[in-house]
Structures are given as structure tokens and as C-alpha cells.
Amino acid sequence: MGRDDRRAPSRPRSRSRSRSRGGDGSRSGSPAEDGKKRRPDDYGVDTMKITDDDAAFILGKGGKTKDKVARVSGAELELFERDLVLEVRGSKAQRRRAKKYAEGVMAQRTGPVTVGKDHDDGDLTLLYVPQETVGFVTGRAGNFLRTIEEEWTTLMFFCDVGSRRDKDFEKL
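Residues numbered from 1 in each chain as written. Predicted model: local features only at pLDDT ≥ 70, side-chain atom pairs only at ≥ 80, totals over all residues. Heavy atoms only, no water.

Enquirer: Go over the confidence of the model for the protein, please, and point to the residues and values.
Expert: Atomic detail in the predicted coordinates should be set aside for any region of low pLDDT. In the predicted model, the protein carries a mean pLDDT of 79, and 72% of its residues have values of at least 70. Overall, residues 3-7 carries pLDDT values under 50, and its contacts beyond four positions in sequence, including any with other chains, amount to 0 contacts. Throughout residues 13-33 the model reports pLDDT below 50, and contacts reaching past four residues in sequence, or to other chains, amount to 10 contacts. (pLDDT = per-residue confidence, 0-100. Contact = heavy atoms within 4.5 Å.)

Enquirer: If you had to explain the packing of helix α2 (residues 52-59) against helix α4 (residues 92-110) to someone new, which residues and values would you point to?
Expert: A pair of packed helices is characterised by two quantities: the angle between their axes and the separation of those axes. One way to put it is that α2 packs onto α4 with a least axis distance of 9 Å and a crossing angle of 115°. With respect to each other, α2 and α4 are oriented roughly perpendicular. The chirality of how α2 crosses α4 is right-handed. In this structure, α2 uses Asp53, Asp54, Phe57 and Ile58 to contact α4, whose residues at the interface are Ala102, Val105, Met106, Gln108 and Arg109. (Axes fitted to C-alpha atoms, helices over the stretch in contact; angles between N-to-C directions. Helix = DSSP H or I, 4+ residues; strand = E, 2+ residues; numbered from the N terminus. Parallel < 35°, antiparallel > 145°, perpendicular 65-115°, else oblique. Left-handed = near helix turned anticlockwise from the far one by under 90°.)

Enquirer: How would you summarise the layout of surface pockets if you had to cite specific residues and measurements?
Expert: With a probe scaled to a water molecule rolled over the atoms, the places where space remains empty come into view. Counted as a void, the largest pocket has a volume near 580 Å³. Every element with two or more residues in the lining of the largest pocket is listed here: α4 and β4 (113-115). Considered class by class, the residues forming the lining of the largest pocket number 13 nonpolar, 6 polar and 4 charged. Considering only enclosed or pocket space, the second largest pocket measures out at about 460 Å³ in volume. For the second largest pocket, the lining is made up of 15 residues, of which Lys64, Thr65, Lys68, Arg146 and Glu149 are closest to its centre. Counting residues per element, the ones that place at least two in the lining of the second largest pocket are α3 (64-73), α4 and α6 (143-152). Looking at the lining of the second largest pocket, its residues break down into 5 nonpolar, 2 polar and 8 charged. (1 Å grid on protein atoms, 1.4 Å probe; cavity = no way out; pocket = protein on both sides within 12 Å on 5 of 7 lines; lining within 4 Å. Points joined across faces, edges and corners; volume = space filled by probe spheres on them. Nonpolar A, V, L, I, M, F, W, Y, C, P; charged D, E, K, R; others polar.)

Enquirer: Which residues make up the side chain of Arg95, and what values go with them?
Expert: Within the secondary structure layout, Arg95 lies in helix α4. If we ignore the near neighbours within four places in the chain, the residues touching Arg95 are Asp42, Tyr43, Gly44, Val45, Asp46, Val88, Arg89 and Gly90.

Enquirer: Report on unusual backbone geometry, specifying residues and quantitative values.
Expert: Positive phi values are uncommon outside glycine, yet Ala141 reaches one of about 55°. In this fold, Ala141 is placed in the loop between α5 (134-138) and α6. Backbone geometry at Thr153 places phi at a positive 50°, although glycine is not the residue there. Among the structural elements, Thr153 can be located in the loop between α6 and β6 (159-161). Given a relative accessible area of 38%, Thr153 falls into the partly exposed group. (Buried < 20%, exposed > 50% of the residue type's maximum accessible area, 1.4 Å probe, protein only.)

Structure, rendered in C-alpha cells:
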């Protein structure tokens, strides 16, 4: 009725075929094997001074917005709420994207985000969404947009393009 607890004596494993070891016993291999990421040559740290309201907006519920900006930009973000400083670490391109995305997120808090040609670093796609479909595209409480952002590792928000305001379409 029970299991047989008699087992053959186990032999100690002196050698493992799954991992190579150097002469000194240390594991050799790529940075991914040691669990460390290799930093780019232009790795650096930038800081952004932000307001208390912006800090709450950047952080988002449970830190999700900050994590999303970090994931999409490829940068590391650290929010120092006491000092109201957003620290951005990564390559020059990652830091530039992270700051641009954080500014876009903060701009949503006070009104429509304005996007100009200088915002396009090859990471911008504008979609014209007919006014009557905006509710469908957004989804209940913005959940459909958040789902797309998560699936495609992107940031999405409605915006004004330049100074043109077309009431028949919203820009996404």
C-alpha cells in the first residue's frame, strides 16, 4: 500500500556534463550564464527632476507604469520619491527613449500629449483612429490599450500631432 523506500545507494557525482568549469573550478561562459548583463560602452545615468504628482503618475499602480517605460525603452528606471528624481540608466539611446516616454506619460496627466516630428527616433507610429471607434480602441478603463501595450512591448496614447486638430479622428 505504501511505496518501497529501499533505494540503491546513490553515487556521488564528481563530474557534470551540463556545465563546463575552468581549471580553477569556476564556471566559464557568457555573461548570460553568470547572470550578469553586459553594459554597453555608452552606459550612463541621467536624472530627471519631477513633481510629486508626476512621480505618482510615473510610478503607476503597483509600479506598473514605471516598469512599462523601463521595459519598452530598455533602460533601468529608479524613482526616488522623497527627492522627486527619476534616475535613468542604460545606453545613450535607451536613456533618450526612457526620458521621452516618461515625458509622454507625464504629459497625459495634464492634457493631450503633443507629438512633433522631433519626437520620431524611428520608434514612432501614428494611427488615425475614427472618432466613433475611440471607445472601442481604448476599451473599458483603457484595458484594451494596456493589453496591446503588454503584448507588443509598446506605449500607446492618444495625442495631438503638431498644431493640427482634426475632430473626425484621434491620433494614437
